[in-house]
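Observations on the three-dimensional arrangement
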Amino acid sequence: MQLNCKVNVVNRLLPSAGQSGPSRLVWSNVTLTENKASVIELSLATSRNKTGMKYKVTNNIEQIFSKFVSQGKLTLRFRQPAHDLCLSGEVRHMEKILAIIKGEDSQLKKGTLCPLLSNRANKVVIPKTKLNILSRADYPVTTSFPDTLTSLKISGIALKKFDRRLLHLKALEVLDLSSNQISILPESIHTLAKLKQLHLNHNEIKVLPSTFVNSTRVICLDISHNQLVMIPSCISRVSGLQILKLDHNKLRSLPSTISKLRSLRTLTVSSNEIRTLPESFQTLALDHIDVFGNPFEKIEQEIALNPESLNLKVPTLRAISAKSTIKFKLKYSEEDIPATLITYLHESSTTCPCGKLCIDDGLPAEGEINLLKVSGSVTGDKIVPMKMTLCTIACFQRFSSKVVS
């Protein structure tokens, strides 16, 4: 069996001569053999250097850097020549090489090629990292998807179910399932730990799984042209999200926690059923927002202010605990406080326009927001209605629109 992985050969003598070698990892073929004298050797070949290089392993390893072997990274430091071999590949392959070099594996003790790492053809096979499937005939039914894929597009083939085999593509960074008929996403979609872009536009999805919040590496989520009726409050935990596209759904509102997406730069929610925006929108700093085609309510009638009818809620003990945690910027984990309180902290806090924190207390009110103050570019209405939570009657008089004292 051939082992192909990315390798960078670092010559440790070059810096002393004022030179630097290549720093880029290149696809290479690695072979481990044992000769008649029981000396283990490592052969390295690339597409440019098919003859390759040969390194003596036995009694020639100065140091092994295996701290990140669980991430598929391994570095071998040879005495002669003064080279460092930086290997990057599948975890099981790196662990196998490490075991052989440490003498913990006996596969090479019979003077044969290691079955896992044999390479008689000395051929460098560059694994497939990108795959586009645009017709049903190209869809792999009897074969599996290459586990080396970093980009996969399956578009316009009327796919009705999310293929769970995709969850095994641990190297996947871009997944495009647009223009299909998918209605349900698996709860375990967050196991795609390296996923950065997820394109699900033009499907029939009604619910975004709550477990998606664990997909912290995702920077682009396109779920436009679906059947979504709500976005869960826990979306705020996808901390790296920069682009969020929600156009052409059935959304009636957006969660107030959307303001916690500090990296968010583009938000499109056109052609939904949104009537008001949450007060937390005032804290966003966007490059572009699209709200075109939403039936925003217009505040036309003046509100008669009757102080006796404006009763502030008495905060619960949970709300007081959450407010103290946020106010004093306390660090916490599930080992320190209950998991329910952690969820509450992420999803329940709002801020009065005066800057005071409101959790489970305050006065509900209506106001307006100028979207040009939160985004450099706006498509659709520039001034739209906004739901607010105000901390006191004084703030109600100050910030609530159309108030008559």
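**Observations concerning empty space enclosed by the protein**
- Taken as a whole, this structure holds 1 cavity of 30 Å³ or more when the rule is applied.
- Every residue along the wall of the largest cavity is listed here: L208, L221, I223, L228, I231, I235, L244 and L246.
- Across the lining of the largest cavity, the residue classes break down as 8 nonpolar, no polar and no charged.

**Structural notes on helix α1 (residues 91–101)**
- Of all 11 residues that make up α1, 8 are buried, and the element is covered over most of its length.
- Taken together, the buried positions of α1 are H93, M94, K96, I97, L98, A99, I100 and I101.
- The positive-phi residue at the C-terminal boundary of α1 is G103, with phi of around 80°.

**Let's talk about the environment of N29**
- Examined against the element boundaries, N29 turns out to sit in strand β2 (residues 26–34).
- Residue class for N29 comes out buried when judged on its relative accessible area of 0%.
- For the pair N29 and I126, spaced 97 residues apart in sequence, the C-alpha to C-alpha distance is 9.1 Å.

**Concerning the environment of L267**
- Relative to the helices and strands, L267 is located in strand β14 (residues 266–268).
- When the C-alpha positions of L267 and D287 are compared, they lie 8.7 Å apart, and in sequence the two are 20 residues distant.
- Excluding residues within four positions of it along the chain, L267 makes contact with L244, L246, I258, F281, L286, H288, I289 and D290.

Reading the values: rules and limits
- Residues numbered from 1 in each chain as written.
- Predicted model: local features only at pLDDT ≥ 70, side-chain atom pairs only at ≥ 80, totals over all residues.
- Heavy atoms only, no water.
- 1 Å grid on protein atoms, 1.4 Å probe; cavity = no way out; pocket = protein on both sides within 12 Å on 5 of 7 lines; lining within 4 Å.
- Points joined across faces, edges and corners; volume = space filled by probe spheres on them.
- Nonpolar A, V, L, I, M, F, W, Y, C, P; charged D, E, K, R; others polar.
- Buried < 20%, exposed > 50% of the residue type's maximum accessible area, 1.4 Å probe, protein only.
- Helix = DSSP H or I, 4+ residues; strand = E, 2+ residues; numbered from the N terminus.
- Contact = heavy atoms within 4.5 Å.

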